[in-house]
Each structure stands twice: as structure tokens, then as C-alpha cells.
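So the chains spell out like this:
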Amino acid sequence: MPTLTRLPRPRDVLNEFGIYVHVPFCSHRCWYCDFNAYAGLDDQIAPYMDALERDAREAFSAPDGAELDQRPVVTSIFIGGGTPSLVPAPSIVCVVDALRDGWTIASDAEITIECNPESITAAKLDAYLAGGINRISFGVQSLDNALLERLGRIHDAATALEALRLAKRAGFDNVSADLIYGVPDETDDAWRRSLDGVLATGVDHLSCYALIYEEGTPLESFRKLGKVVPIPDDDVARRWDMTNEILGAGGFVRYEISNWTKPGRASKHNSLYWKCGEYLGIGAGAHSHLATRCGAVRSWTVKSPERYASRARPAGSEQIDVRTRASEVMLLGLRMTEGVSKDAFARLVGSSIEEVYPDELEAAVSRDLLAVDADAVTVRRPFLLNEAVLPFV
Ligand code: SF4
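Reading the values: rules and limits
Residues numbered from 1 in each chain as written. Predicted model: local features only at pLDDT ≥ 70, side-chain atom pairs only at ≥ 80, totals over all residues. Helix = DSSP H or I, 4+ residues; strand = E, 2+ residues; numbered from the N terminus. Rg over C-alpha atoms; globule rule 2.2 N^0.38 Å. Buried ≥ 20, exposed ≤ 12 C-beta atoms within 10 Å, placed from the backbone. Contact = placed C-beta atoms within 7 Å. Near = placed C-beta within 6 Å. Nonpolar A, V, L, I, M, F, W, Y, C, P; charged D, E, K, R; others polar. Expected span 1.5 Å × (residues − 1). Domains from an automatic or database assignment. Core = buried A, V, L, I, M, F, W, Y, C linked by C-beta atoms within 7 Å.

### Focus on the overall build of the chain
Inference 1: If you tally the helices and strands in the chain, you get 16 helices and 17 strands.
Inference 2: Taking 2.2 N^0.38 as the reference for a compact globule, 393 residues should give roughly 21 Å; the C-alpha atoms of the chain span a radius of gyration of 21 Å, in line with that estimate.
Inference 3: Considering only C-alpha atoms, the chain reaches an extent of 55 × 50 × 40 Å along its principal axes.
Inference 4: Buried positions account for 44% of the 393 residues belonging to the chain.
Inference 5: Restricting to contacts in the chain with at least 6 residues of sequence separation, those with at least 24 account for 72%.

### Some words on the site of the ligand
Inference 1: For the ligand, the full set of nearby residues is Cys26, Arg29, Cys30, Cys33, Phe35, Ala37, Gly81, Gly82, Thr83, Asn116 and Gly139.
Inference 2: In terms of residue class, the shell around the ligand is made up of five nonpolar, five polar and one charged.

### Section: helix 6 (residues 157-170)
Inference 1: Between its first and last C-alpha, helix 6 extends 20 Å over 14 residues, near the 20 Å set by a 1.5 Å rise per residue.
Inference 2: Buried residues in helix 6 make contact with helix 4 (122-130), strand 6 (135-141), helix 5 (145-150), strand 7 (175-181) and helix 7 (188-199).
Inference 3: Backbone geometry just after helix 6 places glycine 171 at a positive phi near 120 degrees.

### Re the environment of aspartate 34
Inference 1: Assignment of secondary structure puts aspartate 34 in the loop between strand 2 (25-26) and strand 3 (38-39).
Inference 2: Aspartate 34 gets classed as partly exposed once you count the C-beta atoms within 10 Å, which come to 14.
Inference 3: The contacts of aspartate 34, once residues within four sequence positions are left out, are Glu214, Gly216 and Thr217.

### A short note on the domain arrangement of the chain
Inference 1: Taken domain by domain, the chain holds domain 1 (10-272) and domain 2 (322-393).
Inference 2: Computed from C-alpha atoms alone, the centre-to-centre distance between domain 1 and domain 2 is 28 Å.
Inference 3: The interface is formed by eight residues belonging to domain 1 together with nine residues belonging to domain 2.
Inference 4: Put simply, the parts of the chain that give the side of domain 1 that touches domain 2 at least two residues each are helix 1 (10-14), helix 9 (233-249) and strand 9 (253-256).
Inference 5: If one sorts the elements of the side of domain 1 that touches domain 2 by residue count, strand 9 sits on top with three residues.
Inference 6: For the side of domain 1 that touches domain 2, a count of residues per class yields six nonpolar, no polar and two charged.

### A word on the nonpolar core
Inference 1: In this structure, Ile19, Val21, Ile77, Leu164, Val198 and Leu206 are the most contacted members of the largest nonpolar core, which totals 79 residues.
Inference 2: The dominant element in this core, judged by the number of residues it contributes, is helix 6, at six residues.
Inference 3: The next biggest cluster of nonpolar side chains, apart from the first, holds 22 residues, and it includes Ala326, Val340, Leu348 and Leu370.

### A word on the environment of valine 297
Inference 1: Within the secondary structure layout, valine 297 lies in strand 13 (residues 295-301).
Inference 2: Through-space distance from the C-alpha of valine 297 to that of isoleucine 105 is 23 Å; in sequence the pair is 192 residues apart.

### Regarding unusual backbone geometry
Inference 1: Cis peptide bonds are those with omega within 30 degrees of zero, and the linkage from glycine 81 to glycine 82 qualifies with 15 degrees.
Inference 2: Positionally, glycine 82 belongs in the loop between strand 4 (74-81) and helix 3 (89-102).
Inference 3: Residues other than glycine seldom take positive phi values, yet asparagine 15 does so here, at roughly 55 degrees.
Inference 4: Note on placement: asparagine 15 falls in the loop between helix 1 and strand 1 (18-23).

The following block contains the structure:
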């Protein structure tokens, strides 16, 4: 492994820079959720949104004080949560306006907001569009009411479908939906109906995730108590195959292990993460990955919305060395269908992929886990992704 005193700046390699804005409020906690999200904190929304707005203008430091050496042009903004659609639309737009005041936003920047079906209205959608938000992503999860209940969601299928149609009618031409498969008691037919139903609304992008029983969630407790029984791995694998088949027939292509898109609608912001790009995170528990005057740094803020709003922001940071950079480029990049670009790897790490991982690549190719051609390294069998990336951890 080569040594470098200073790693190349991802923004110079990718010509992209993203900002993530975290809105941690929800009206109810879903059974499977392990995100930094809170229900019942409505009285904290106003001071928190004020703090976000301030940071949108001012924040450009890592917690250890290592500053960006310049403010790059912003190519994507992602307002996620939590449930951003729960807070008043004007306060979301104020944060976007503050970002425009503090940063240069590219004219073709992708600006996404995450919404839940039960908290969206035509007036909110109009306000988002007027504020320059041009992509909307809905947490639909399923179109089967019994399965939605099983996940602890508070919307029903009709509300989800109406929200997707409302977004299209309002004028969003980049609408995404999140779905979850592998829910206990889900059948092939139920999964097919969810995919078909969402496709019929004209969505442009779909994220489909296998249900994970995260430690500390109510769902995991139910599993331990025997109140829910996970469906067999083979069924989960078949649902992923079904997803490829149904979405492929609907004109979608898979570009990441869990993401499918119509042509030209792949998420710029999430692709930036998978390409190991730079981004600033604003809000409670938000992570940043920045090339600073002190080198490449990953940092994160306090998780508590209350502490965040009281300006107790920094929580921790770590310096990224060349070995970590190389590992991250592989682990994240192999999630994408296009794989890890050899050219981008060499420019991000400072050495060629063959120099850094000669034995690992040879072993993975001989086991038919990876394919290596002149331009890229790709995963041969997506369902063995975890095995394929193991040598690079
Ligand atoms: S709406 Fe999303 S963030 Fe909120 S509790 Fe449910 S899964 Fe978590």
C-alpha cells in the first residue's frame, strides 16, 4: 500500500459536491427504524429549523476545526430524515434559500426532499417546487395494508398512491418511491402488486430494500420473542429477482444493488456517496466527508436535536488515511452496477487498483465474484455482494 501525505480531493476527481440536511422529526416511530429520528418532539421543530437555517449559511468546518480550503460548487442537496414533510414547508424552503446564500449551487443541481405519504399536501408540494426542490422521494414501503401495519407505518396504500399522483400532478418530473420486501407474511403476489401499483403512478425511480431486523428496534424485539418470523432467505432472494424482472419490463434499469431508475433519473446525491465523493452534513447526527486543510476527514454531529439546536454540534471526527480511502472506494463503488472505475480509483487513492489490491483482485476473479476489464471492476453476481467486498474491508 502506498503512503501519501495528502489524499487527492474527491471534488477534483468527480467534479461534484453534495450537502445533506437532516430533519429528525417523525409523527410515529416505525417498528423497523434505526435512523436518527424522533416522534413526539414537535415543540423542538421551530428552534431546530432555525439552527439548520443558520448552519446552512455558515457551516463549513469539521468538528475538529479543520476547514474546507474553499467552498466548492454544490451539485446536489438532499433533505432527509426523519420526515421532512412533517415540518412546515416554509421552514424547509428557508433552509434551501440559506444554502443558496451561503454556497454556489450549480444551475442543474439535484435538490431532493424525503416525504411520507400521510404528511404531504398539494400546498406543500407547490412550496417545494417554488423553492427550487426538483426531486421528491416517498417512503411508500408497501401497498399491502396488513404489511404496512406489520412495519408500524401509519399510512395506508391509498394514501401512498395518492401522494405519488399528487407529486406528479404538481409538476415534479423526478419522483422516487422507497419499498421494502421480505416482510413477514409477504407473498410473491403482494410484492408484485406493490411494484405494479407504484409503477402505474408514473414514478421515475425506485429504491427497494430487503427488510433488516436492526438491533434495538421493536421489530427485532418481536423477532426475539417469536412474535414475528422472518421469511426464508430464498424467498427474499426471489423477491429481488422479481424486482429486476418487473422493473426491467417497466423500462427501469438497476444502477445500484437496491436502486432502479428510468433513463436519466439516477440519484445524483446517493451516487456521490457510492463514488466516495465529498459532502457536508447539516443537522443532528449528520455525517460529513470533506477534504479539509488538515486532510481528508469524516465527521459527525451530535444526535440529539435539542443539543444540536443549542449549538452543541460537533460530536466526533476521524482522519482518512490512504488505506481507508482505498477500502471505501471499493466497498461503496462495488454496490453500483457500473462498479469501480479504475481511473477514478487511481485519482482518488493515488495508485492503481492493481497496485493496491493485486492478490485480492486475482482471488475474487478466480472465484467468479468480480470481473475486471480495462476500465472498471464490477460484481459478477449481485446477490453475493457481501462476499465479493469482504477482501476490501
Ligand atoms: S418515517 Fe422513516 S425515519 Fe420516521 S420512524 Fe419511520 S422509517 Fe424511521
